[in-house]
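Overview (structure and organization)
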Amino acid sequence: MISAARTPLTVDLGGYRVAISAGANGIGKVIADSFAACGASVFVSDIDEAALASCGHPGVKADMGLPEDCEAFVDFAVKHLGGLDVLVNNAGIAGPTAPVEEVTPEELDATLRIDLAAMFHCSRRAIPALRANGGGAVINMSSAAGRFGFAHRAPYAAAKWGVVGFTKTLAIELGRDGVRVNAILPGPVDGPRIRAVIKAKALSEGISENEMTDRTVGTTSLKCFVSQQDIANMALYLASPFGATVSGQAIGVDADMQAMM
Ligand code: NAD
């Protein structure tokens, strides 16, 4: 039986300076904790001030839906850390759960701004600092929804496919500077967020939450959820020297999903 990882990959990242958007909670916090456990200096952003205050990492309140907040986050991070080696563009919201004809322009706009445009704004601002080191890593959080169509989640899927296109393009642009750019495509990550998504999806399809949970796990070859630590471990690998020749990739950490639920 394969079980999801619960402990951080052990790799020496002493001296690494790492900025993580939406790093006060969820997957972003586990990524921040994991980098710190490997000796890296970490700086996070989040929109949730209470989570920011209790997450145990230095950070700044920033709404990744606003270009000026994205830029301010990167500027604070570079100043606090004294430079930047790794940018983890983690922020992303689920967006609306509804058929396309019922999605409002405001819902579409908010999802695209936070899930896609923020990665552009943060990366754009971070490029001079990454270049100044003679190398570095950008890690963009996509989703299995960046590999499949996802009924009733069109804004999210469109944004997450966009993240892959952005990642592959930025990897080409920054390759000669030694900056590697990759996307992680998590599958069903166990935690409050997936439970909320399952609940909304069950409601919109008129089935029970249990049935939707079974359907979700049933889409994977390994018949399991993924853990937040599994995602963080891939981020550690990609940022570390072990990932030195990995760039422009869209990497699934998804228990081999064969379809969206
Ligand atoms: P989450 O919903 O747990 O949120 C994590 C953090 O994001 C929270 O602290 C929240 O305050 C912050 N946040 C929300 N809106 C923000 C904004 N506008 N600006 C700044 N911070 C904001 O998210 P998660 O499940 O940890 O997901 C993290 C990333 O992984 C997202 O990009 C998500 O799309 C992606 N992902 C998650 C799953 C999953 O199953 N959880 C699957 C695939 C991809």
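Here's a quick rundown of the structure. Since the structure is predicted, the reported quantities are computational estimates derived from the model, not experimental observations. Each chain has its residues counted from 1, following the order in which its sequence is written. Since the coordinates come from a predicted model, pLDDT governs what is reported: local features require at least 70, and pairs of side-chain atoms require 80 or more to be given and counted, while whole-chain, interface and lining totals use all residues. Based on all heavy atoms of the structure, the side-chain values leave hydrogens and waters out of the count.

**What about the overall build of the protein chain?**
Counted only if it meets this: Helix and strand definitions follow DSSP, with helices as H or I runs of at least four residues and strands as E runs of at least two, each counted in order from the N terminus. We compute the radius of gyration from the C-alpha atoms alone; for a globule the expected value is 2.2 Å times N to the 0.38, where N is the number of residues. Buried means the residue's accessible area, taken with a 1.4 Å probe over protein chains only, is under 20% of the maximum for its type, while exposed means over 50%, and partly exposed covers the values in between. Residue contacts are counted whenever heavy atoms from the two residues lie within 4.5 Å of one another. Values of accessible area rely on a 1.4 Å probe in the Shrake-Rupley scheme; residue burial ignores everything except the protein chains shown. His is not counted here, nor are the chain ends, while Lys and Arg score as positive and Asp and Glu score as negative. Where a charge sits is defined by one atom per residue type, namely NZ (Lys), CZ (Arg), CG (Asp) or CD (Glu).
Helices and strands together make up the secondary structure of the protein chain, namely eight helices and seven strands. Relative to the 2.2 N^0.38 estimate, which gives 18 Å for 261 residues, the radius of gyration of the protein chain is 17 Å and therefore close to what a compact globule would have. The principal-axis extents of the C-alpha atoms in the protein chain amount to approximately 55 × 45 × 35 Å. Per-residue burial over the protein chain gives 53% buried out of 261 residues. For the protein chain, long-range pairs separated by at least 24 residues make up 73% of all intrachain contacts whose partners lie at least 6 apart in sequence. Only carbon and sulfur atoms are counted for the fraction: they give 57% of the accessible area of the protein chain, which is about 11,300 Å². Treating the 21 positive side-chain charges of the protein chain as one cloud and the 27 negative ones as another, the clouds have centres 5 Å apart.

**Focus: the packing of helix α6 (residues 192–205) against helix α7 (residues 209–218)**
Selection criterion: Angular values range over 0 to 180 degrees, each being the angle between N-to-C directions of two axes fitted as lines to C-alpha atoms, with helices fitted over their stretch in contact. For this classification, under 35 degrees means roughly parallel, over 145 means roughly antiparallel, 65 to 115 means roughly perpendicular, and everything else is oblique. Crossing handedness follows the turn of the near helix against the far one: under a right angle anticlockwise gives a left-handed crossing, and clockwise gives a right-handed one. Polarity classes work like this: nonpolar for Ala, Val, Leu, Ile, Met, Phe, Trp, Tyr, Cys and Pro, charged for Asp, Glu, Lys and Arg, and polar for all others, with Gly in that last group.
It is at 9 Å that the axes of α6 and α7 come closest, and there the two elements cross at 115°. Here α6 is positioned roughly perpendicular relative to α7, judged by the angle of their axes. Judged by the sense of rotation from one axis to the other, the crossing of α6 with α7 is right-handed. On α7, the residues touching Arg195, Ile198, Lys199, Lys201, Ala202 and Glu205 of α6 are Glu209, Met212, Thr213, Arg215 and Thr216. For the contact of α6 with α7, the residue count by class is three nonpolar, two polar and six charged.

**Some thoughts on helix α5 (residues 154–174)**
The test is simple: Multiply 1.5 Å by the residue count of a helix minus one, and that product is the helix's expected span.
For α5, spanning 21 residues, the distance from its first C-alpha to its last is 30 Å, which sits close to the expected 30 Å at 1.5 Å a residue. When we look at burial in α5, the residues that qualify are Pro155, Tyr156, Ala157, Ala159, Lys160, Val163, Val164, Phe166, Thr167, Leu170, Ala171 and Leu174. Tucked inside the fold, the buried residues of α5 contact α4 (105–132), β5 (136–141), β6 (179–186), α6 and β7 (250–253).

**A short note on the site of the ligand**
Going by this rule: Throughout this document, a residue counts as near a molecule or strand when at least one of its heavy atoms sits within 4 Å of that molecule or strand. A 3.5 Å cut-off defines polar contacts: any pair of N or O atoms within that distance qualifies, except that in protein one atom must be a possible hydrogen donor and the other a possible acceptor, and neighbouring residues in sequence count only when both atoms are side-chain atoms.
Taken together, 25 residues surround the ligand, and among them Asn25, Ile27, Asp46, Asn90 and Arg193 come closest. Between aspartate 63 and the ligand, the recorded distance is 2.9 Å, taken from a side-chain N or O atom to a nitrogen atom. At 2.9 Å from a nitrogen atom of the ligand is found a main-chain nitrogen or oxygen belonging to methionine 64. Against a free-state accessible area of 840 Å², the protein chains account for coverage of 87% of the ligand. For the shell around the ligand, the elements supplying multiple residues, two or more each, are α1 (26–37), α5 and α6. For the shell around the ligand, the residue count by class is 13 nonpolar, seven polar and five charged.

**Quick word on the environment of leucine 130**
Positionally, leucine 130 belongs in helix α4. Using a relative accessible area of 0% as the deciding quantity, one classes leucine 130 as buried. A C-alpha to C-alpha distance of 8.7 Å links leucine 130 and leucine 87, two positions 43 residues apart in sequence. For leucine 130, the residues in contact, after removing those within four places along its chain, are Leu84, Asp85, Val86, Gly135, Gly136, Ala137, Val138 and Val179.

**A short note on the nonpolar core**
The nonpolar side chains of a soluble globular protein tend to be buried, and buried together. Our working rule: Only buried residues count toward a nonpolar core, which is a set of Ala, Val, Leu, Ile, Met, Phe, Trp, Tyr and Cys residues joined through side-chain atoms within 4.5 Å.
Ile31, Phe35 and Ile184 are the most contacted members of the largest nonpolar core, which has 37 residues in total. Those elements giving two or more residues to this core turn out to be β1 (17–20), α1, β2 (41–46), α2 (49–54), β4 (86–89), β5, α8 (228–239) and β7. In terms of residue count, the dominant contributor to this core is α8 (seven residues). Among residues more than four places away in sequence, those in contact with isoleucine 184 are Ile139, Asn140, Met141, Ser142, Ser143, Ile231, Met234, Ala235, Leu238, Ile251 and Val253. Counting residues in each nonpolar core, the second largest holds 29 residues, with Phe43, Val60, Cys70 and Leu130 among its members.

**Things to note about the pattern of salt bridges**
Oppositely charged side chains can form a pair if their charged atoms are brought close together. Going by this rule: When a carboxyl oxygen of Asp or Glu is within 4 Å of a side-chain nitrogen of Lys or Arg, the pair counts as a salt bridge.
Inspection of every chain in the model, using the stated rule, returns 12 salt bridges. Between glutamate 71 and arginine 125 there is a salt bridge; the shortest N-O distance is 3.3 Å. With glutamate 71 in helix α3 (residues 67–81) and arginine 125 in helix α4, this residue pair connects regions lying 54 residues apart in the sequence. Close ionic contact of aspartate 75 with arginine 125 constitutes a salt bridge, the shortest N to O distance being 2.8 Å. You can see aspartate 75 sitting in helix α3 and its partner arginine 125 sitting in helix α4, a full 50 residues away along the chain. Judged by relative accessible area, arginine 125 falls into the partly exposed class, the value being 35%. In this structure, a network of salt bridges that share partners links the residues Glu71, Asp75, Arg124 and Arg125.

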